Number of protein chains: 2
Amino acid sequence: MREAYQSKLGGLAGELADMCDIVAQAMRKASDALLGVDLPLAEEVITGDDRIDQLRNQAEEDAFALLALQAPVATDLRVVVSAIHAAGDLERMGDLALHVAKAARRRHPESVLPEEIKPYFAEMGKVAVELAEKAAGIIRDPDVDRARELESDDDAMDDLHRHMFTVMMSPKWTHGVAAAVDVTLLARFYERYGDHAVSVARRMVYVVTGEMPAPTDA
Amino acid sequence: MREAYQSKLGGLAGELADMCDIVAQAMRKASDALLGVDLPLAEEVITGDDRIDQLRNQAEEDAFALLALQAPVATDLRVVVSAIHAAGDLERMGDLALHVAKAARRRHPESVLPEEIKPYFAEMGKVAVELAEKAAGIIRDPDVDRARELESDDDAMDDLHRHMFTVMMSPKWTHGVAAAVDVTLLARFYERYGDHAVSVARRMVYVVTGEMPAPTDA
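Predicted model, so just to flag it, every value in this text is computed and none were measured.

A. Inspection of the side chain of Asp89 of chain B at higher detail. Examined against the element boundaries, Asp89 of chain B turns out to sit in helix H3 (residues 74-107). Leaving out residues up to four positions away in the same chain, Asp89 of chain B has contacts with His196, Ser199, Val200 and Arg203 of chain B.

B. Layout of the side chain of Ser82 of chain B. Residues and elements named next belong to chain B. Residue position: Ser82 is located in helix H3. Residue Ser82 is classed as buried on the basis of its relative accessible area of 2%. Beyond its immediate chain neighbours, meaning those up to four positions away, Ser82 contacts Arg203, Tyr206 and Val207.

C. Looking closely at the pattern of salt bridges. Residue and element names in this part refer to chain A. Per the counting criterion, the structure on display carries 43 salt bridges over all chains. Here Lys134 makes a salt bridge to Glu149, at a shortest N to O gap of 2.9 Å. Here Lys134, found in helix H4 (residues 118-140), pairs with Glu149, found in helix H5 (residues 144-169); they are 15 residues apart in sequence, far enough to count as distant. Linking Asp153 and Lys134 is a salt bridge whose minimum nitrogen-to-oxygen distance equals 2.6 Å. Of this pair, Asp153 sits in helix H5 while Lys134 sits in helix H4; the two residues are 19 residues apart in sequence, bridging distant segments of the chain. What makes Asp153 partly exposed here is its relative accessible area of 26%. By relative accessible area, Lys134 is classed as partly exposed at 25%. Sharing partners across several salt bridges, the network here consists of Asp18, Asp21 and Arg140.

D. Layout of the confidence of the model for chain A. For chain A, the average pLDDT comes to 92, and 95% of its residues sit at 70 or higher. When pLDDT is averaged over each helix and strand of chain A, the minimum, 92, is found for helix H3 (residues 74-107) of chain A and the maximum, 97, for H4 of chain A.

E. Spotlight on the packing of aromatic side chains. Tallying each qualifying case throughout the model produces 2 aromatic pairs over all chains. Considering the side-chain rings of Phe121 of chain A and Tyr190 of chain A, the 5.7 Å spacing of their centres and the 65 degrees angle between planes classify their relative orientation as edge-to-face. Of this pair, Phe121 of chain A sits in helix H4 while Tyr190 of chain A sits in helix H6 (residues 176-209); the two residues are 69 residues apart in sequence, bridging distant segments of the chain. What makes Tyr190 of chain A buried here is its relative accessible area of 0%. We note Arg78 of chain B situated over the ring of Phe64 of chain A; from NZ or CZ to the ring centre the distance is 4.6 Å.

The rules we used
- Residues numbered from 1 in each chain as written.
- Chains lettered and ligands numbered in written order.
- Predicted model: local features only at pLDDT ≥ 70, side-chain atom pairs only at ≥ 80, totals over all residues.
- Heavy atoms only, no water.
- Helix = DSSP H or I, 4+ residues; strand = E, 2+ residues; numbered from the N terminus.
- Contact = heavy atoms within 4.5 Å.
- Buried < 20%, exposed > 50% of the residue type's maximum accessible area, 1.4 Å probe, protein only.
- Salt bridge = Lys/Arg side-chain N within 4 Å of Asp/Glu carboxyl O.
- pLDDT = per-residue confidence, 0-100.
- Phe/Tyr/Trp six-rings, centres within 6.5 Å; stacked < 30°, edge-to-face > 60°.
- Lys NZ or Arg CZ within 6 Å of the ring centre and 35° of its normal.

Laid out in structure tokens, this is it:
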């Protein structure tokens, strides 16, 4: 019984790690669609979101099955509930990639982003994908130090997010209100994506140590 | 044993309903602080957020205790896991009220919102508080019809959210980029608050019917 339980628990972690890779891919493609004004790529992300929602449902079902297999003791229960939370974070990361792709589609064939803003978003996209890939690695092989590292990696995203406001508020901003509204929302999507990746990593720390790291300001 | 379980389950629902009332209050005060440029009220919301985070932890702890009391069968497990999800949604609603309050504080003694935009935000604030209060009622007395009603109530919020973009994109918008950035983010905070209230209600439908209503587009 215990062995079957451990094996199913490993399976659930594997599902979450795969889901994490998929939402990393979704954000990579969404960013490429945004920067390259690439409609087919945006459509690919938009169509692909259903699959991410299904994976979340599957993970949640498997978590229930796992708990039903064995009356859960405190720690096992916490591990599985952490997995359920992580699945929710990952689904939301998929939604945020979807929002980026939809913004790219909405303005096509125009670019959503003014040319000189693109490098910032290229960087935010890169950081976002790295955070998700790192989180996938941590799910596969929980490592408290690497999980904590992810929190400081996310500071780079927060800095980029804040910097976008400086850029838009500057008298040199010549792109008007409509572009500022798009940039504000897009920067927020990337920043939230990073927050959810951090949240996934923090849950893995909790699974390993039994203690939740002090919350970062949401 | 079963009786103790049912009584604790009722207690958990009560905690969530109280938490829902508290995040409704937080959003009411945050909106008043925003519209009335009221710094002490903004500070009150900001200070009060810790309490909401504690309540979420308490609800999660109580959910665990409840599961430990009795080897959960499928339905009981789903009910408790739904409660854990709902606690997460409610904490996030508190965070969003906090974001509104912080925006009010950041621009004080200036108003964040141009005068003619205030009526829209007064309306968004009203809808937000009503959604949360309705969700509290549904937690206390789960009613599938009222929970579904909440989804259509949230359409009013989505309409207001969309309308803000029309207002900002209009050539009549004379408040510049900085105000547009603030309005964009604030409208997003209210819209997300409404989404989470809907999510809480949907989970209560699930608890009652055993079926999750078809997801709304996030």
